[in-house]
Amino acid sequence: RSGTGWQSCLLFPVTTTTTTTTTTTTEGTYPEECLGGGWQVGDGSGGSERSIGSASSRRECMDMVREQCPDANGATLPPSGSGSCYCEFGMTGRSGTGWQSCLLFPVTTTTTTTEGTYPDLCDGGWQLGDGTGGSEKNIGSAASRRHCLAMVAQQCPDANG
């Protein structure tokens, strides 16, 4: 370390946590996205439902359900093909004739996130002097040592000090 106008920190190795997200759906166009051959007469039954607004088409209702209710396995809409759209949770069948419903293909979701975090402590603690060897980059002003470490972790994940 050189000079006394600075403090430097030799970082411990970064701890990395990895999670992976992959969404798999059966893509296609209506009616292939519904199990059993498309929208069918009857209100979804076998679980619970939640109203999520008005849809102008079967496609819009399906998209609304996928976006707003990722755990839903069905969608319900009036027989006209537009109007109140419902998410169906635990749908196992249909009942009545005043609605139409779609049993959605299952969605498999896996999430991947890579995140590095520096420990709160430096190898040997904070030392007087500017770090030596290699190169450095000014990434802004930090309000505290902890804030400096967080800035380095976010802006320069490969840095070691």
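Residues numbered from 1 in each chain as written. Predicted model: local features only at pLDDT ≥ 70, side-chain atom pairs only at ≥ 80, totals over all residues. Heavy atoms only, no water.

**Student:** Teacher, can you tell me more about the side chain of Gln 100 here?
**Tutor:** Examined against the element boundaries, Gln 100 turns out to sit in strand β7 (residues 93–104). In this structure Gln 100 comes out as buried when scored by relative accessible area, which is 5%. Reaching out from Gln 100, the side chain makes a polar contact with the side chain of Arg 58 at a distance of 2.9 Å. Within the structure, the side chain of Gln 100 is placed 2.8 Å from the backbone oxygen of Pro 78, a separation counted as a polar contact. Beyond its immediate sequence surroundings of up to four residues, Gln 100 is in contact with Trp 39, Gln 40, Val 41, Gly 42, Arg 58, Ala 75, Thr 76, Leu 77, Pro 78, Pro 79, Ser 80 and Gly 81. (Helix = DSSP H or I, 4+ residues; strand = E, 2+ residues; numbered from the N terminus. Buried < 20%, exposed > 50% of the residue type's maximum accessible area, 1.4 Å probe, protein only. Polar contact = N/O pair within 3.5 Å; in protein donor to acceptor, adjacent residues only side chain to side chain. Contact = heavy atoms within 4.5 Å.)

**Student:** Which parts of the structure should I look at to understand the state of the cysteines?
**Tutor:** Joining two cysteines, a disulfide is a covalent bond between their sulfur atoms. According to the stated counting rule, one finds three disulfides in the structure shown. Shown here is the disulfide that connects Cys 34 with Cys 102, its sulfur atoms set 1.9 Å apart. Residues Cys 34 and Cys 102 are joined through a disulfide that is left-handed, its torsion about the S-S bond being -110 degrees. You can see Cys 34 sitting in strand β3 (residues 34–45) and its partner Cys 102 sitting in strand β7, a full 68 residues away along the chain. (Disulfide = S-S within 2.5 Å.)

**Student:** What is the right way to look at the sheet that holds β3 in this model?
**Tutor:** Strand order in the open sheet formed by five strands is β3-β7-β5-β6-β4, and the pairing between neighbours is antiparallel. Since the sheet does not close on itself, it has two edges, and those belong to β3 and β4 (48–55), each with one partner. Going from strand to strand, the sheet's axes swing by 30 degrees on average, the running direction of each strand aside. Taken together, the three bridges between strand β5 (residues 74–77) and strand β6 (residues 83–89) define a ladder with antiparallel strand orientation. For Ala 75, the partnering residue across the bridge sits in β6 and is Cys 87. Of the strands in this sheet, β3, β4, β5, β6 and β7 touch helix α1 (residues 58–68), which is tilted by about 125 degrees from β4. (Pairing = 2+ DSSP bridges. Axes fitted to C-alpha atoms, helices over the stretch in contact; angles between N-to-C directions.)

**Student:** Before we go on, may I ask you to explain α1 in this structure?
**Tutor:** An α-helical segment advances 3.6 residues per turn. Residues three or four places apart therefore align on the same side. Along α1, the residues that are buried comprise Cys 61, Met 62, Met 64 and Val 65. Projection of α1 onto a plane perpendicular to its axis shows the buried side chains occupying an angular sector of 160 degrees, all on one side. Looking at the buried side of α1, the elements it contacts are β3, β4, β5, β6 and β7. (Arc of directions from axis to C-beta.)

So far we have only geometry, and geometry alone does not tell us how the molecule works.
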